[in-house]
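Here is how the chains run, residue by residue.
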Amino acid sequence: MRFRRPTAADGPAVTALIAACPPLDRNSRYCNLLQCEHFAEQCIIAERAGRIVGWVSGYRPPSDAHAFFVWQVAVAAEGRGRRLASRMIAALLARPAQDGVTHMITTITADNQASWALFRGLARDWDAELERTPLFERETHFAGAHATEFLARIGPFDRTKIDAEQE
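Residues numbered from 1 in each chain as written. Predicted model: local features only at pLDDT ≥ 70, side-chain atom pairs only at ≥ 80, totals over all residues. Heavy atoms only, no water.

Novice: What exactly am I supposed to notice about the state of the cysteines here?
Specialist: Put plainly, two cysteines are in a disulfide when a covalent bond ties their sulfur atoms together. The tally for this structure, following the rule as stated, stands at zero disulfides. Cysteine 31 forms no disulfide, and the closest cysteine sulfur to it belongs to cysteine 43, at a distance of 9.3 Å. Among the residues examined, cysteine 31 registers a relative accessible area of 18% and is labelled buried. Cysteine cysteine 36 remains unbridged, with the sulfur of cysteine 43 as its closest cysteine sulfur at 6.6 Å. (Disulfide = S-S within 2.5 Å. Buried < 20%, exposed > 50% of the residue type's maximum accessible area, 1.4 Å probe, protein only.)

Novice: Sorry if this is basic, but what is going on with the sheet that holds strand S1 (residues 2-4) here?
Specialist: Paired through their backbone hydrogen bonds, the strands of a sheet run either parallel or antiparallel. Strand order in this open sheet of seven strands is S1-S2-S3-S4-S5-S7-S6, and the pairing throughout is mixed. Both edges of this open sheet fall to S1 and strand S6 (130-136), since each of them pairs with a single strand only. Put simply, the sheet's adjacent strands are angled 25° from each other on average, direction ignored. Where strand S4 (residues 67-75) meets strand S5 (residues 103-109), three bridges bridge the pair, whose relative direction is parallel. Residue pairing in the sheet places phenylalanine 69 in a bridge with isoleucine 105 of S5. Where helix H3 (residues 84-93) meets the sheet, its contacts fall on S1, strand S2 (44-48), strand S3 (51-59), S4 and S5, and the angle it forms with S4 comes to roughly 145°. Relative to the sheet, helix H4 (residues 113-125) contacts S4, S5, S6 and strand S7 (149-154), its axis offset from that of S5 by approximately 160°. (Pairing = 2+ DSSP bridges. Helix = DSSP H or I, 4+ residues; strand = E, 2+ residues; numbered from the N terminus. Axes fitted to C-alpha atoms, helices over the stretch in contact; angles between N-to-C directions. Contact = heavy atoms within 4.5 Å.)

Rendered as structure tokens:
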């Protein structure tokens, strides 16, 4: 398995991978292309035999210099059960572009058990707290068309431990 930064040419394959990983929200093709081009330092691809089998997108929120927001995690069926998502996130956080990050944040719906398991596991592995609070409410923010998104916040964590896992 090889981890690498995405390029704009990966946009279509990323879009296809996300579509094959319900219940992920499908971003527009253009959004995925922009993530691959403009946010390559905050995204990662797992590739096996030339095929993309994993994707994590994220960014550093301008309002919180110590946080890294994980936007989406997608793992193809053949990559599941190998802690691929955890390994990709750790590799992303170990990049110099994430220097100063002490917390990882994301949003998850209450029923997304796979994502909750992933983030509980990361908090355990990093000896950090996992906080869960409503962020975007079903009625207030989604006009009833989408389940409430809970903010999951892990941290503070020790970056040296994450960096050491990459060596």
